[in-house]
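Report on the structure
Given next are the chains, with one letter for each unit.
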Amino acid sequence: MLNRRTFSKAMGLGTGTAAASLVGMQGASAVSSTAPRGKGATPATPEANRGPHTSFSNLKQVRAGLLDVGYAETGPQHGPVVICLHGWPYDIHSYVDVAPLLADQGHRVIVPYLRGHGTTRFLSSRTFRNAQQSAIALDIIALMDSLKIDRAVLAGFDWGSRTADIIAALWPGRVTALVSVSGYLITDVEAQQNPLPPAAERTWWYQYYFATERGRRAMESASGRHDLCRLVWDTVSPTWDFDDATFERTAAAFENPDHADIVIHNYRWRLGLADGESRYDRYERKLRARPTIHTPTITLDAERDPFTPPGNGSSYRDRFTGPYDHRTLAGIGHNLPQEAPEAFARAVVDATHL
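The following refers to the structure shown. Since we're looking at a predicted model, the values are computed, not measured.

This part covers the overall build of the chain. On a plain count of helices and strands, the chain comes out with 12 helices and 9 strands. A total of 354 residues make up the chain; the buried ones form 59% of that total. Carbon and sulfur atoms form 52% of the exposed surface of the chain, whose accessible area is close to 13400 Å².

Looking now at helix α10 (residues 281–288). Helical geometry: 3.6 residues make up each α-helical turn, so side chains three or four residues apart lie on a common side. Considered for burial, the residues of α10 that qualify are Y283, E284 and L287. Across the axial projection of α10, the buried residues extend over an arc of 95°, all falling on one side. Exposed side of α10, more than 90 degrees from the buried face: R285 and K286 are the residues found there. Summarising the contacts, the buried residues of α10 are in contact with α2 (133–146), α3 (159–170) and α9 (259–270). Directly after α10, the chain includes R290, whose backbone phi takes a positive value near 55°.

Our focus in this paragraph is the pairing of strand β9 (residues 324–329). Of all 6 residues in β9, 6 are buried; the element is thus mostly enclosed. Burial along β9 is two-sided: the residues Y324, H326 and T328 and D325, R327 and L329 are all buried. Judged from the 6 bridges that link them, strand β8 (residues 297–302) and β9 form a sheet pairing that is parallel. The partner of T297 across the bridge, within β9, is Y324.

It is worth spelling out unusual backbone geometry at this point. The peptide bond linking W88 to P89 adopts the cis configuration, its omega dihedral lying at 0°. Relative to the assigned elements, P89 resides in the loop between β3 (81–85) and α1 (98–104). Unusually for a residue other than glycine, S182 sits at a positive phi of about 75°. Position of S182 among the secondary structure elements: in the loop between β7 (175–181) and α4 (198–203). Of note in this structure, R290 is not a glycine but carries a positive phi near 55°. Position of R290 relative to the elements: it lies in the loop between α10 and β8.

Another aspect to go through is the environment of T352. Note on placement: T352 falls in the segment after α12 (341–351). Here the alpha-carbon distance between T352 and L178, two residues 174 residues apart in the chain, equals 8.4 Å. In contact with T352, not counting residues within four places along its chain, are V153 and A177.

So, about α3. Between its first and last C-alpha atoms α3 spans 17 Å; for 12 residues at 1.5 Å apiece the expected length is 16 Å, and the two agree. Across the 12 residues that make up α3, a large majority, 11, are buried. Along α3, the residues classified as buried are W159, G160, S161, R162, T163, A164, D165, I166, I167, A168 and A169. Buried residues belonging to α3 abut β3, α2, β6 (152–156), β7, α9 and α10.

So, on to the pairing of strand β2 (residues 67–74). In terms of burial, β2 is a largely internal element, 6 of the 8 residues being buried. Across 6 bridges, strand β1 (residues 59–64) lies against β2 in antiparallel orientation. In the strand pairing of β2, V62 is matched with V69. Taking the residues that link successive antiparallel strands as the turn, the β1-β2 hairpin has 2 residues, and the phi of G65 there is positive, at about 60°. Here 2 bridges tie β2 to strand β5 (residues 121–122), and the two strands are oriented antiparallel to one another. Bridged to L67 within β5 is F122.

It is worth spelling out the side chain of T120 at this point. Of note, T120 is situated in the loop between β4 (108–112) and β5. T120 gets classed as buried once you look at its relative accessible area, which sits at 1%. In terms of polar contacts, T120 uses its side chain to reach the backbone amide nitrogen of G70, at 3.0 Å.

Quick notes on the rules
Residues numbered from 1 in each chain as written. Predicted model: local features only at pLDDT ≥ 70, side-chain atom pairs only at ≥ 80, totals over all residues. Heavy atoms only, no water. Helix = DSSP H or I, 4+ residues; strand = E, 2+ residues; numbered from the N terminus. Buried < 20%, exposed > 50% of the residue type's maximum accessible area, 1.4 Å probe, protein only. Areas by Shrake-Rupley, 256 points an atom, 1.4 Å probe, with all protein chains shown as cover. Arc of directions from axis to C-beta. Contact = heavy atoms within 4.5 Å. Pairing = 2+ DSSP bridges. Expected span 1.5 Å × (residues − 1). Polar contact = N/O pair within 3.5 Å; in protein donor to acceptor, adjacent residues only side chain to side chain.

As structure tokens, this is what we get:
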């Protein structure tokens, strides 16, 4: 899921190019912001196409790099592109209400399944099931290339935030604007060797569980994987009143044949317990330097996410050197886009006006 993070209350609206404007926040209270609003910010007005939605009507597949990528798409074909990136244990349904809001604003919205999730498959059985951070970022670059998308707004949480941050840092010309839940999540494997306070370490129980073969076997078992992921959902989103059907729609994405290998490698690699591949070494060297991000950025923190430390984004503020705004969503947990879709969509629109 996330690295070591930060965030506490949200809102603000950029008008965008479409006539419709986004709805007022549901489930999020006041705004907390550390920088001036973007140009064109206006009060929200009610939105007719308000959720909750349960599915995407347009699911596609495309060969991109090492993968055959499954993705949802909505909005006008020639609209400015927004790519929404999910984390673990989540899937494209984290954006099932965000996507139509952005489509109503005139955006072409792409929501891909990350490697090891849903209908995304490796093209070759011989490819190492690698989930180090730069490999996942390059998946998204390959997807953009295959879809002939030169630049896009990147918006994500959890693994998705990390992926979006990396692309903005290493390939800034591909990113129009950035929305990053929990701020700067680029992993420094060496720094990850340093222990956290015990209470914080307890929150990461599953990461250490995955470092064991017992944890791997749990992820390889359909029932063990299902129940473990459900426990994570319940723990990290303590105020989200989701039903069983909402979880099951996402849990279907964990039946991907590579899911266990991808998840286990991701967390072991972060802890320095699994090797990456030499083909990614040059990217990882750059990421170890904690490169700054110059792209116009809005960072979002979820107040009730147990991974969110105090400080209202102060711990990573120096990593964002371009136009910037920070917002904290009161009463919201880890799966921020699905728990507060209007606030997330509004941040995407506002980021394009910074």
